[in-house]
Amino acid sequence: MKVDPAEVSRVLSGWLGQQRWYAGKSRDGVIAARLLAELAPEPPSVQIWIADVTYSDGQLEHYQVPLVFRTETVDHLDHVLVGTVIDIDDDRPIHLYDALHDKEVTGVWLARMAAGDTVDGVVFDALDNPGEIPVGETSLALTAEQSNTSLIFGDTAIMKAFRRVEPGLNPDIEIHAELTRLGARHIAKLLGHVTAEVDGQPWSLAMLQEFMTTATDGWQFATGSVRDLMAEGDLHAEEAGGDFAGEAHRLGVSAAEVHADLARAFGTSELGSAELGERAAVMKGRLDAALSEVPALSTVADGLRHAYDDLANYDRPVLAQRVHGDLHLGQVLRTVHRWVFLDFEGEPAKSIGERRRQDSPIRDVAGMLRSFDYAARHQLIDIGATSQSEFRAAEWADRNRAAFCQGYAEGGGLDPAEVTVLLRAFEADKAVYELVYEARNRPNWLPIPLASLQRLAAGRS
Ligand SMILES: Nc1ncnc2c1ncn2[C@@H]1O[C@H](COP(=O)(O)OP(=O)(O)O)[C@@H](O)[C@H]1O
Ligand SMILES: O=P(O)(O)O[C@H]1O[C@H](CO)[C@@H](O[C@H]2O[C@H](CO)[C@@H](O)[C@H](O)[C@H]2O)[C@H](O)[C@H]1O
């Protein structure tokens, strides 16, 4: 079976724009597809293709698209049909399907990992424990596709195939590999990964992790607590059923423990005044870029610049280390035993180089505090806010933010109350990022980060 890459580019051009994980939806881009590796040559052939997207401003992005080549159409795969091309050898049609959604072929990733294969320069690595790869289990794709595509195998392992790929080791694999080696408590163990070697550079394609069964994610857990509170007439957060503060405290302790593990695994450094000035300048740059996309930000921009100036003029060195980089309640799972932290990839919009840089752990604290604010306020968007519901949401957020900070300090982290300049700058930076994210993805959620930016610009949290 032989196909013309130009034909594959043509079908991908129509299909990519419909995928949740494709970041170029609002931009004009030219798509060129190239074959990276053929994982299963026997029919149905399974191949990893890379779609190189060149945007009109010259920017280049790469997306991983594993395809299965079938000579017959398959009804139950209709929803993941990418397109039909012609076989160069015999002029017959070949139907291309998204291989990650075809249970008949997904097992090849596990089989190759367990065997420690290298295929066309793509290395399948099971670390030291090939026996832990659940070869033979059937896959189930997570329906809530996010930045990547995740498959659960049986109930023991989850494989995340990275969609947007680039040269450089993905921090999610890098961090999970080190923390697994350390035996860290608050992560899901790394079982294996798939990495291509292209021109001497690694390209991370996929990772396999222990699957945490019967876990609830932090967002579901926290928003359940807010729902209970809102259903309870006049009660305060501590009086209503489903109070979350005990969990918020445990989550804070756990975050401090994760940071201690990251410091142990990757070391620490100090950000002096020059570096703080440079970090503040990056935040101002992000604010300026956001202003052109969300004009409502202009009313608070001066106050936010003051917060960034305070960071630039901070008179003490700031401890830096590897961090999570995009910490929020959707990135933590509560198992029966402990809180588990997921997705150490950092903010998807940043380059791998930026995401691997050491940073203040207060960036993660700020991310989680923003999430408490989101959890408290997002229901008011649907039910309509009154002054009383606003007051009660704020009370829930304040209570849980305080519990998280107290837990973080008790767990050995910096006391957030003692580094308010850092916290304000990082919260503002995150809320600016969120404002752009909401403008692009969920415009009716814009009031959440905007209200926080108004408080932060006025010098409140
Ligand atoms: N090890 C795991 N155990 C259980 N569920 C997981 C695990 N890893 C991820 N998940 C689930 O998959 C979702 C997506 O995972 P995530 O790593 O955040 O992917 P993405 O990079 O696409 O956002 C998570 O929100 C969580 O619900
Ligand atoms: O899950 P991702 O790593 O792809 O993160 C992106 O999407 C998140 C939304 O799913 C977004 O998080 C924002 O909304 C959350 C509620 O849905 C809230 O808990 C977070 O605090 C808020 O930042 C995240 O910013 C974005 O990178």
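Refer to the preceding data block for the structure.
Just so it is clear, the structure is predicted and the values come from calculations on it, not from any experiment.

What about the site of ligand 1?
No. 1: Neighbouring residues of ligand 1: 16 residues in total, closest Gln146, Asn148, Lys160, Glu210 and Met212.
No. 2: Contact between ligand 1 and Lys160: an oxygen atom at 2.9 Å from a side-chain N or O atom of the residue.
No. 3: A distance of 2.9 Å separates a nitrogen atom of ligand 1 from a polar backbone atom of Glu210.
No. 4: For the shell around ligand 1, a count of residues per class yields 7 nonpolar, 5 polar and 4 charged.

Focus: the pairing of strand S5 (residues 93-98)
No. 1: Among the 6 residues of S5, 5 are classified as buried, and the element is accordingly described as predominantly covered.
No. 2: Both strand S3 (residues 60-70) and S5 contribute to a ladder of 4 bridges, which runs antiparallel. Each residue of the ladder has a partner; that of Phe69, found in S5, is Leu96.
No. 3: Bridge analysis of strand S4 (residues 81-86) against S5 gives 5 bridges, and the strand direction is antiparallel. Bridging from a neighbouring strand, Thr84 pairs with His95 of S5.
No. 4: Between S4 and S5, which pair antiparallel in sequence order, lie 6 residues; one of them, Asp91, sits at a positive phi of approximately 65°.

Some details on the packing of helix H9 (residues 362-383) against helix H10 (residues 387-410)
Each packed pair of helices is defined by two parameters, the angle between the axes and the distance between the axes.
No. 1: One way to put it is that H9 packs onto H10 with a least axis distance of 9 Å and a crossing angle of 155°. Here H10 runs roughly antiparallel to H9, going by the angle between their axes. Our pair here, H9 against H10, has a crossing hand that is right-handed. Only Ser389, Glu390, Ala393, Ala394, Trp396, Ala397, Asn400, Arg401, Phe404, Cys405 and Tyr408 of H10 make contact with H9, whose side of the interface consists of Val365, Met368, Leu369, Arg370, Phe372, Asp373, Ala375, Ala376, Arg377 and Leu380.
No. 2: The class makeup of the residues in the contact of H9 with H10 is 14 nonpolar, 2 polar and 5 charged.

Describing the pattern of salt bridges
No. 1: With the rule as written, the count across this model stands at 43 salt bridges.
No. 2: The partner of Arg279 in a salt bridge is Asp359, with the nearest N and O atoms 3.6 Å apart. Taken together, the positions of Arg279 in helix H6 (residues 273-293) and Asp359 in the loop between helix H8 (352-355) and H9 put the pair 80 residues apart, joining distant regions of the chain. You'll find Arg279 and Asp359 in the same group, each marked buried.
No. 3: The partner of Arg305 in a salt bridge is Asp302, with the nearest N and O atoms 3.2 Å apart. Of this pair, Arg305 and Asp302 both sit in helix H7 (residues 301-312), 3 residues apart, roughly one helical turn.
No. 4: On the basis of relative accessibility, which here comes to 25%, the residue Arg305 falls in the partly exposed class.

Quick word on the sheet that holds strand S14 (residues 216-217)
No. 1: Read from one edge to the other, the open sheet built from 3 strands follows the order S14-S17-S18, with strand pairing classed as antiparallel. If you trace the sheet from one side to the other, it starts and ends with S14 and strand S18 (339-341), each paired once.
No. 2: The sheet contact formed by strand S17 (residues 332-334) and S18 spans 3 bridges and is antiparallel. Counterpart to Leu333 in the pairing with S18 is Val340.
No. 3: In the packing of helix H5 (residues 245-266) onto the sheet, contacts are made with S17 and S18, and the angle to S18 comes to roughly 45°.

So, the site of ligand 2
No. 1: Around ligand 2, the structure places 14 residues, and the nearest of them are Ser371, Tyr433, Glu434, Tyr437 and Arg442.
No. 2: Note that an oxygen atom of ligand 2 is positioned 3.4 Å from one of the side-chain N or O atoms of His328.
No. 3: Interatomic distance of 2.6 Å between a side-chain N/O atom of Tyr433 and an oxygen atom of ligand 2.
No. 4: A total of 530 Å² of accessible area belongs to ligand 2 in isolation, and the protein chains cover 90% of it.
No. 5: Of all the secondary-structure elements, those providing two or more residues to the shell around ligand 2 are H9 and helix H11 (420-441).
No. 6: Here the shell around ligand 2 is composed, by residue class, of 5 nonpolar, 5 polar and 4 charged.

Calculation criteria
- Residues numbered from 1 in each chain as written.
- Chains lettered and ligands numbered in written order.
- Predicted model: local features only at pLDDT ≥ 70, side-chain atom pairs only at ≥ 80, totals over all residues.
- Heavy atoms only, no water.
- Near = heavy atom within 4 Å.
- Polar contact = N/O pair within 3.5 Å; in protein donor to acceptor, adjacent residues only side chain to side chain.
- Nonpolar A, V, L, I, M, F, W, Y, C, P; charged D, E, K, R; others polar.
- Buried < 20%, exposed > 50% of the residue type's maximum accessible area, 1.4 Å probe, protein only.
- Helix = DSSP H or I, 4+ residues; strand = E, 2+ residues; numbered from the N terminus.
- Pairing = 2+ DSSP bridges.
- Axes fitted to C-alpha atoms, helices over the stretch in contact; angles between N-to-C directions.
- Parallel < 35°, antiparallel > 145°, perpendicular 65-115°, else oblique.
- Left-handed = near helix turned anticlockwise from the far one by under 90°.
- Contact = heavy atoms within 4.5 Å.
- Salt bridge = Lys/Arg side-chain N within 4 Å of Asp/Glu carboxyl O.
- Areas by Shrake-Rupley, 256 points an atom, 1.4 Å probe, with all protein chains shown as cover.

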